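Coordinates in review
Each chain, letter by letter, is given below.
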Amino acid sequence: MSILKLILKAAAPLPKLEGFSRYLFIGPHPDDIEIGCGATVSKLASLGKEVSFLICMDGRYGFDNAPKDMTPEELIQIRKNEALESAKRLGVDDVHFLELCDGGFYDRMQLREGIAKRVGIFRPDVIFSVDPDVTSECHIDHLNVGQESKIVANFASNSPIMNRLGAESCNVKAIALYMTAKPNRFVGTRNHVEKQLDSIFSVHLSQFPEGCPQANSISLYLKLRAIFFGIRSFKGQAEGFRVLDSTHMHCMPEGGN
């Protein structure tokens, strides 16, 4: 371990993710939370934690595998129903939708306000969201949701700013970024990976119909990722996150490492 890492570990140790009570999972689209960290959701719910989902976009343009004669309005409702059923299979009943237009066709301030309002209502200890700082990420909704989640997490305890966003302030203790290339915290997910796969491939059928090649690739990737992170963290199977607590979120550039 480098001297810098030792200094960071001593000055600003990262929190253990399972040690909190309330968790808000923010997803750009229906199915992103499940793919990014569904096994962690299942584990936290099984431990009796308070878990809530916020899905930001309506998914109207997710037509890669959907029937071509389906209208965007029909697909929106189908994906919403899939999201509710998928969350239920992971043990989550509290699911909320911002219903912003898929594909970046919205005002970013709308997104920030929507996230802030939900944070103020649910008052999570930890926010989970997609990592917007991955160099390979090209989807505008993932980039925007991740960035706005980070902004809200940083401002959550600032009453004047949260009030200007139409939200109540609260003490968010950390943000955990999934779909990340630089994990610094791992959650053991033994016995929860199969629930994750079921929540995706048995439910989100508008995106992963039976026989879809994408489904086989993503399923294999998730299984191998769980094993790799499990070996790396000595947990058997695991999911990895880039975690920032309130100390790392501002004026500590090394915290991102």
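Positions within a chain are numbered from 1, following the residues in the order the chain's sequence is written. Two thresholds apply to this predicted model, a pLDDT of at least 70 for residue-level local features and 80 or more for giving and counting side-chain atom pairs, whereas whole-chain, interface and lining totals are computed over all residues. Side-chain metrics in this entry use all non-hydrogen atoms of the structure; hydrogen atoms and water are not considered.

**Points about the nonpolar core**
The term nonpolar core refers to a set of buried residues drawn from Ala, Val, Leu, Ile, Met, Phe, Trp, Tyr and Cys, joined through side-chain atoms within 4.5 Å. Throughout this description, buried means an accessible area under 20% of the type-specific maximum (1.4 Å probe, protein chains only), exposed means over 50%, and partly exposed covers the range between. In terms of nonpolar packing, the biggest core is built from 51 residues, with Phe25, Phe53, Val119, Phe128 and Phe241 touching the most fellow members. Runs of H or I in DSSP of at least four residues are treated as helices and runs of E of at least two as strands, each being numbered from the N terminus. No other element matches the six residues that strand E2 (residues 50–57) contributes to this core. Those residues within four positions of Phe25 in sequence are excluded, and the remaining contacts are Ile33, Cys37, Thr40, Val41, Leu44, Val51, Ser52, Phe53, Leu54 and Phe128. In this structure, Ile35, Val193, Ile200 and Ala215 belong to the second largest nonpolar core, which totals 12 residues. Any two residues whose heavy atoms approach within 4.5 Å at even a single point are treated as in contact.

**Some details on the packing of aromatic side chains**
Pairing of aromatic rings covers Phe, Tyr and Trp, the last counted by its six-membered ring, and requires centre-to-centre distances within 6.5 Å; plane angles under 30 degrees mean stacked, over 60 mean edge-to-face, and any other angle means tilted. All told, the structure shown has eight aromatic pairs when counted by the stated rule. With 6.4 Å between their ring centres and 75° between their planes, Tyr61 and Phe105 make a pair best called edge-to-face. Pair noted here: Tyr61 is in the loop between E2 and helix H3 (72–89) and Phe105 is in the loop between strand E3 (94–100) and helix H4 (108–122), with a separation of 44 residues, a long-range link. Judged by relative accessible area, Tyr61 falls into the partly exposed class, the value being 45%. Ring geometry for Phe228 against Phe229: centres 5.6 Å apart, planes inclined by 45°, an arrangement best described as tilted. A relative accessible area of 48% places Phe228 in the partly exposed class. The rings of Tyr23, Phe25, Phe53, Phe128 and Phe241 are connected pair by pair, giving a single aromatic cluster. Between the NZ or CZ atom of Arg22 and the centre of the ring of Phe122, over which it lies, the distance is 4.2 Å. The ring of Phe97 carries Lys80 above its face, with NZ or CZ at 5.1 Å from the centroid. Here, a charge over a ring means that NZ of Lys or CZ of Arg falls within 6 Å of the ring centre while also lying within 35 degrees of the ring normal.

**Concerning a nonpolar patch on the surface**
Patch membership requires more than 30% relative accessible area and the absence of a salt bridge. Residues of like charge join within 9 Å; the nonpolar side chains Val, Leu, Ile, Met, Phe, Trp and Tyr join within 5 Å. A 1.4 Å probe and the Shrake-Rupley method give the accessible areas. Residues count as covered only by the protein chains that appear here. Whenever Lys or Arg places a side-chain nitrogen within 4 Å of a carboxyl oxygen from Asp or Glu, that contact is recorded as a salt bridge. Together, Leu220, Leu224, Ile227 and Ile231 make up a nonpolar patch on the protein surface, roughly 390 Å² of accessible area in all. Here Ile231 is to be found in helix H8 (residues 213–233). Of the residues examined, Ile231 reaches a relative accessible area of 59% and is grouped as exposed.

**Remarks on the packing of H4 against helix H5 (residues 140–155)**
Helices that pack against each other are described as a pair by the angle of their axes relative to one another and the distance between those axes. Closest axis-to-axis distance for the H4/H5 pair is 9 Å, and the angle between their directions is 50°. Here H5 runs oblique to H4, going by the angle between their axes. Every pair of crossing elements has a handedness; the one defined by H4 and H5 is right-handed. Contacts between H4 and H5 involve Arg108, Leu111, Arg112, Ile115, Ala116 and Val119 on the former and, on the latter, Asn144, Val145, Gln147, Glu148, Ser149, Ile151 and Val152. Working convention: axes come from line fits to C-alpha atoms, limited for helices to the stretch in contact. Angles between N-to-C directions cover 0 to 180 degrees. Every angle not falling under 35 degrees, over 145, or within 65 to 115 is termed oblique; those three ranges are roughly parallel, roughly antiparallel and roughly perpendicular. Take the far helix as the reference: if the near one is turned anticlockwise from it by less than a right angle, the crossing is left-handed, and if turned clockwise, right-handed.

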